[in-house]
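Listed below are the residues making up each chain.
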Amino acid sequence: MPKCTINGVELEVKDGTTIIQAMYDNHQKIAHYCWHPGLSIAGVCRLCMVEIEGNPRLQIACNTVVTEGMKINNTSLKVQEAVKWGLDFHLINHPLDCPICDQAGECGLQDQYMDFGQYTSEMAEPKQKKRKVVDLGPTIVLDSERCILCSRCVRFTDEVSKTNELGIFNRGDHAEIGTHDGKKLDNNYSLNTVDICPVGALTSKDFRFKQRAWYLKDSETICNGCSTGCNVKVYFNKEGLFRVKPTYNPEVNGYWMCDEGRNVYKFANKEYRQSQTLQLSQGVWKQLENPGKAAKDLADVLSKVNSSELALVMTGQQTNEEYQSILNVFVNNFKNKNVYHWNSHAATADQFDGLLIRGDKNPNTKGLQNALSSFGIATKWSDLENGIKQNTIKTLIVVGPENVGVYNDLQEKFEQFSNVKNLIVLTTSNVVKFEGFKNLSLATIIPMKTFVEKTGSFTNYAGKVQKFKRATTIMSTALTLDEFASLISGQDLQINPVPIQDLFVADNTPVDQVRLDHRKKNEFLFTKG
Amino acid sequence: MSDTPTVLEQKPASSQWYLIGITKGLVITFSHLIKNIFNKKQMMTINYPEEKYDYSSRFKGNHILTVKKDGAIRCTACMLCATNCPAECIKITASEHPNPEVEKYPISYEIDMLRCVFCGYCEEACPVDAIRLGPEWQTPGLNGADFTYDIKHLAYRANLKGGVQSVVDDKERLKAGI
Ligand code: SF4
Ligand code: SF4
Ligand code: SF4
Ligand code: SF4
Ligand code: FES
């Protein structure tokens, strides 16, 4: 355990820790491009210069291991000059087209320039032109001019995805990133290269030009794309959600996430959402005022239903808390244990690609199974199918999946459900076409909230319970399953308004000298002499 | 009252003799009247709306989106103007341009003129001289008229005669290797 001093702070680090790792762990600022905590060391950008006492020359922090008694700093004038002119070298052939570059606002070059650079370019030579808007594959566009050849993306395809599509071709100022002839950058983790690219050389086709980075807010949540439960950030503004990026969690996903998971935001956006509360009776679809009232009205209907004729279908896509409350109402209020687990991925559930992707495309299958067994419910899917066929199940509540993209049997399953006398569908998405179902006689469709709009927890494949909090609201009128559960049990929703004093913090700004009565008389602090 | 602090000028008692002031004022009025009768050209007022006054080209009036040499819109959809706009009245939708040299361009660019405060910050923010505040200052409209101007109006309205050319040219820039 060597001890060292970095910028005057004494640290004790593990054997073999590099200087940059030590600084990173202690939240000290150091310029770097090629080093990434999740990849091997390349030492090519030469930006992470540090001065070590007793060593006449500057060293790179990413490839120097801390030894006992090292005195390190990266704030001296010598270091600052080195970083500044290192940056100048990076920018020699850089096009600086920030206005049309998607990375602007979160770009390593912009950040380091503001922190360490701020020089005027000394170059008189014209810039080396390279390929722009190169189609690298189904998900990614490359701009060779912007690339600073840090080789992070190459190391990613080499070490993490192990697909080896990318390489650096040519020499000198002609060097550029590319794929071998006819090959595409096409793997299940390709979009991670966009995240780790410190500049705007690799951009995501899906996100390209949709928004500027500074218009987006982010919030941490859990990906609902599969049972791994990667920790992610969703980026959104008032127009909706725009992208998903991974956040670091060493126990679940490390620094990465899969490409499929990047799409989960789409099903939470308005285009795919059920916005209206609809009711079908006597062959006409009627739009109801709001889902809360519809659920409240259902309380009367459900309390009159014979318990054996009522059933509930659920998927592994809601939160643990919601399962608890709806099962609680079912088991304790309705004295009913006809709860069925709709799992379209049961057959592939054990598949695993060795990195992150799992065959079970539900984030909370484990959570639902645990909840069902804690209420002592053990049912078979075939019982439900028989019940519908033999007409013993007359009222069916279906809590549909949120991430509808992974449910291929959606239409088919709902067609089956439509044979019951009274079908109640709680759904976030509008993809199922109920109009086509001939046997549907009485139905209610209630819009629900998605995982980005609620606070709760998912239990992943390994039984790890991960909490997440609400990011934003897309569909303000939609209900959560919690709310639905209390409404159908006959309770009213509890709204706890925060007292206004708690919302605003008193400050010391002096009160306005112009009072209302002054304003009324159009007379201010001075009076006429 | 008199000991209350004041920022108003205290007039001397002599100012109460207002007849002098009135006479002075009338002299100015009549001297202008006579001057205008005998020298109409020098007259300051005009017969609006038959006659119109041309403001200097530096006047900050209605926006113009400039065009490139080939007549295509100059804006690169960087949204710096929209970011800088204090009234939040610029709305841009960007898209991928078929020509990789252009790369990004706006498929829709709208300014809500009724919210605009004509501060000129958009003009200042633009890196490519794509938006200017022009000398045009009249914005009449009937009840219910739409004051959300789109690209067609901002860049190609009839009185711009095919568009105002931007001073920033990408082709020249690329040739010079900057
Ligand atoms: S990579 Fe960074 S510096 Fe380069 S054009 Fe993009 S935003 Fe600007
Ligand atoms: S494309 Fe990005 S990540 Fe890859 S070498 Fe260039 S700058 Fe680095
Ligand atoms: S002049 Fe000012 S208020 Fe008007 S569009 Fe430009 S930035 Fe916005
Ligand atoms: S007008 Fe100028 S600042 Fe506004 S989006 Fe277009 S290029 Fe950018
Ligand atoms: S981060 Fe050390 S050389 Fe690039």
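In this text, all values refer to a predicted model and were calculated from it rather than measured experimentally. Every chain is numbered independently, its residues counted from 1 as its sequence is written. Chain letters and ligand numbers both follow the written order, the letters beginning at A and the numbers at 1. A pLDDT threshold of at least 70 governs which residues receive local features in this predicted model, and a stricter bar of 80 or more applies before side-chain atom pairs are shown or counted, although totals over entire chains, interfaces and linings include all residues. Excluding hydrogens and water, the side-chain values take into account all heavy atoms of the structure.

Another point: the overall build of chain A. Helix and strand definitions here come from DSSP, where helices need a minimum of 4 consecutive H or I residues and strands a minimum of 2 consecutive E residues; each element is numbered from the N-terminal end. The number of helices and strands found in chain A is 13 helices and 22 strands. Along the longest, intermediate and shortest principal axes, the C-alpha atoms of chain A span 90 × 85 × 50 Å. For every residue, the accessible area (1.4 Å probe, protein chains only) is compared with the maximum for its type, and the residue is labelled buried under 20%, exposed over 50%, or partly exposed between those bounds. Per-residue burial over chain A gives 53% buried out of 529 residues. Throughout, a contact is declared for two residues whenever any of their heavy atoms are within 4.5 Å. Taking the contacts inside chain A whose residues are at least 6 apart along the sequence as the reference set, 65% of them involve residues at least 24 apart. Only the protein chains shown count as cover for residues, and all accessible areas are computed by the Shrake-Rupley method using a 1.4 Å probe. Total accessible area on chain A stands at roughly 25500 Å², and carbon and sulfur atoms take up 50% of it.

Residue and element names in this part refer to chain B. Strand order in the open sheet made by the 3 strands is 2-3-5, with antiparallel pairing throughout. The sheet is open, and its two borders are formed by strand 2 (90-96) and strand 5 (148-149), each paired with just one other strand. Criterion used throughout: strands pair if DSSP finds at least two bridges between them. Both strand 3 (residues 104-112) and strand 5 contribute to a ladder of 2 bridges, which runs antiparallel. Note that in strand 5 the partner of Asp112 across the bridge is Thr148.

Tyr48 of chain B connects to Pro49 of chain B through a cis peptide bond whose omega is 5°. Secondary-structure assignment places Pro49 of chain B in the loop between helix 1 (18-38) and strand 1 (63-65). Located in the positive-phi region is Ser151 of chain A, a residue other than glycine, with phi close to 70°. Relative to the assigned elements, Ser151 of chain A resides in the loop between strand 7 (140-142) and helix 4 (152-159).

Any residue range with low pLDDT should be treated as having predicted coordinates unsuitable for detailed reading. Confidence in the prediction of chain B, expressed as mean pLDDT, is 88, and 95% of residues score 70 or more. Prediction confidence for the complex, expressed as pTM and ipTM, is 0.86 and 0.81 respectively. Per residue, pLDDT captures the predictor's confidence, and it can take any value from 0 to 100.

Glancing now at the side chain of Lys130 of chain A. Residue and element names in this part refer to chain A. As for its placement among the helices and strands, Lys130 is situated in the loop between helix 3 (108-117) and strand 6 (134-135). Here Ala175 takes part through its backbone oxygen, which lies 2.9 Å from a polar atom of the side chain of Lys130. If near-sequence neighbours (up to four positions away) are discounted, Lys130 is found in contact with Ser144, Glu145, Asp173, His174, Ala175 and Glu176. For this analysis, a polar contact is any N or O atom pair within 3.5 Å, provided that within protein one partner can donate a hydrogen and the other can accept it, and provided that sequence-adjacent residues contribute only side-chain to side-chain pairs.

Hydrogen bonds between backbone atoms are what pair the strands of a sheet, whose relative direction is either parallel or antiparallel. All names here are of chain A. Spatially, 3 strands are ordered 11-12-13 in an open sheet, and the strand pairing comes out antiparallel. Edge positions in the sheet fall to strand 11 (217-222) and strand 13 (240-246), since each of these pairs with one other strand and no more. Within the sheet, the average angular offset between the axes of one strand and its neighbour, ignoring direction, is 30°. Only the contacting stretch of a helix is used when fitting its axis, a line to C-alpha atoms as for every element, and angles between N-to-C directions run 0 to 180 degrees.

All right, on to the site of ligand 3 then. We call a residue near a given molecule or strand whenever any one of its heavy atoms falls within 4 Å of it. Near ligand 3 there are 13 residues, and of these Cys85, Cys116, Cys119, Gly120 and Cys122 of chain B occur at the shortest range. When residues are sorted by character, Ala, Val, Leu, Ile, Met, Phe, Trp, Tyr, Cys and Pro go into the nonpolar class, Asp, Glu, Lys and Arg into the charged class, and all the rest, Gly among them, into the polar class. Grouping the amino acids of the shell around ligand 3 by side-chain chemistry returns 11 nonpolar, 2 polar and no charged.

Right, let's talk about the domain arrangement of chain A for a bit. Here the domain parsing of chain A yields domain 1 (3-90) and domain 2 (271-496). Each domain's extent was defined by an automatic or database domain assignment. When each unit is reduced to the centre of its C-alpha atoms, the spacing between domain 1 of chain A and domain 2 of chain A is 53 Å.

Here we take up the nonpolar core. Residues and elements named next belong to chain A. Residues belong to one nonpolar core when they are buried, are Ala, Val, Leu, Ile, Met, Phe, Trp, Tyr or Cys, and are joined through side-chain atoms within 4.5 Å. Grouped together as the largest cluster of nonpolar side chains are 52 residues, with contacts concentrated most on Ile19, Tyr33, Val50, Ile72, Leu109 and Leu202. Breaking this core down by element, the ones donating at least two residues are strand 1 (3-6), helix 1 (19-25), strand 3 (49-52), strand 5 (70-73), helix 2 (77-90), helix 3, strand 7 and helix 4. With 4 residues, helix 1 is the single largest residue contributor to this core. Ignoring sequence-local partners within four residues, the contact set of Val50 consists of Ile19, Met23, Ile30, Leu58, Gln59, Ala61, Ile72, Asn73, Asn74 and Val79. Listed in part, the 34 residues of the second largest apolar core include Ala294, Tyr323, Val331 and Val339.

Take helix 9 (residues 381-389) of chain A next. All names here are of chain A. Listed in full, the buried residues belonging to helix 9 are Leu384, Gly387 and Ile388. For helix 9, the arc enclosing every buried residue in end-on projection is 95°, short of the 170-degree limit, so these residues lie on one face. Buried residues in helix 9 make contact with strand 16 (310-314), strand 17 (339-341), strand 18 (395-399) and helix 10 (410-417). Just past helix 9, the residue Asn391 takes up positive phi, approximately 65°. The arc in question is the one traced by the directions running from the helix axis out to the C-beta atoms.

We now examine the environment of Glu385 of chain A. Residue and element names in this part refer to chain A. Relative to the assigned elements, Glu385 resides in helix 9. Residue Glu385 is classed as partly exposed on the basis of its relative accessible area, which comes to 26%. In the structure, Glu385 is positioned 186 residues away from Val199 in sequence and 54 Å away in space, judged by C-alpha atoms.

The next thing to look at is the pairing of strand 14 (residues 277-281) of chain A. Residues and elements named next belong to chain A. Two strands pair when backbone bridges link them, and strand 14 and strand 15 (residues 284-288) are joined in this way by 5 bridges, in the antiparallel orientation. Across the sheet, the residue bridging to Leu280 is Trp285, located in strand 15. Across 3 bridges, the pairing between strand 14 and strand 20 (residues 442-447) is antiparallel. By the bridge assignment, Leu278 is partnered in strand 20 with Ile445.

Attention now goes to the state of the cysteines. Where two cysteines share a covalent bond between their sulfur atoms, that bond is called a disulfide. Note on disulfides: each one is a pair of cysteine sulfur atoms within 2.5 Å. For the coordinates displayed, the defined rule picks out 0 disulfides over all chains. Free of any disulfide, Cys223 of chain A has its nearest neighbouring cysteine sulfur in Cys230 of chain A, separated by 5.9 Å.

With that out of the way, let us pick up the packing of helix 7 (residues 320-333) of chain A against helix 11 (residues 481-488) of chain A. Residue and element names in this part refer to chain A. Remark: helix 7 packs on helix 11, axes separated minimally by 8 Å, with the N-to-C direction vectors making an angle of 15°. The orientation of helix 7 with respect to helix 11, classified from their angle, is roughly parallel. As helix 7 packs across helix 11, the resulting crossing turns out to be left-handed. Of helix 11, the residues touching helix 7 (which contributes Glu321, Glu322, Ser325, Ile326 and Val329) are Leu481, Asp482, Phe484, Ala485 and Ile488. A per-class count over the contact of helix 7 with helix 11 returns 6 nonpolar, 1 polar and 3 charged. The cut-offs work like this: below 35 degrees is roughly parallel, past 145 is roughly antiparallel, 65 to 115 is roughly perpendicular, and the gaps in between are oblique. Throughout, a crossing is termed right-handed when the near helix is turned clockwise from the far one, and left-handed when it is turned anticlockwise from it by less than a right angle.

All names here are of chain A. Interhelical geometry of helix 6 (residues 291-304) versus helix 11 gives an angle of 45° and a closest axis separation of 7 Å. Taken as axis vectors, helix 6 and helix 11 run oblique relative to one another. Crossing geometry of helix 6 relative to helix 11 is assigned as right-handed. Each of Gly292, Ala295, Lys296, Leu298, Ala299 and Leu302 in helix 6 lies in contact with helix 11, whose residues at this interface are Phe484, Leu487 and Ile488. Each residue belonging to the contact of helix 6 with helix 11 can be placed in one class, and the counts come to 7 nonpolar, 1 polar and 1 charged.

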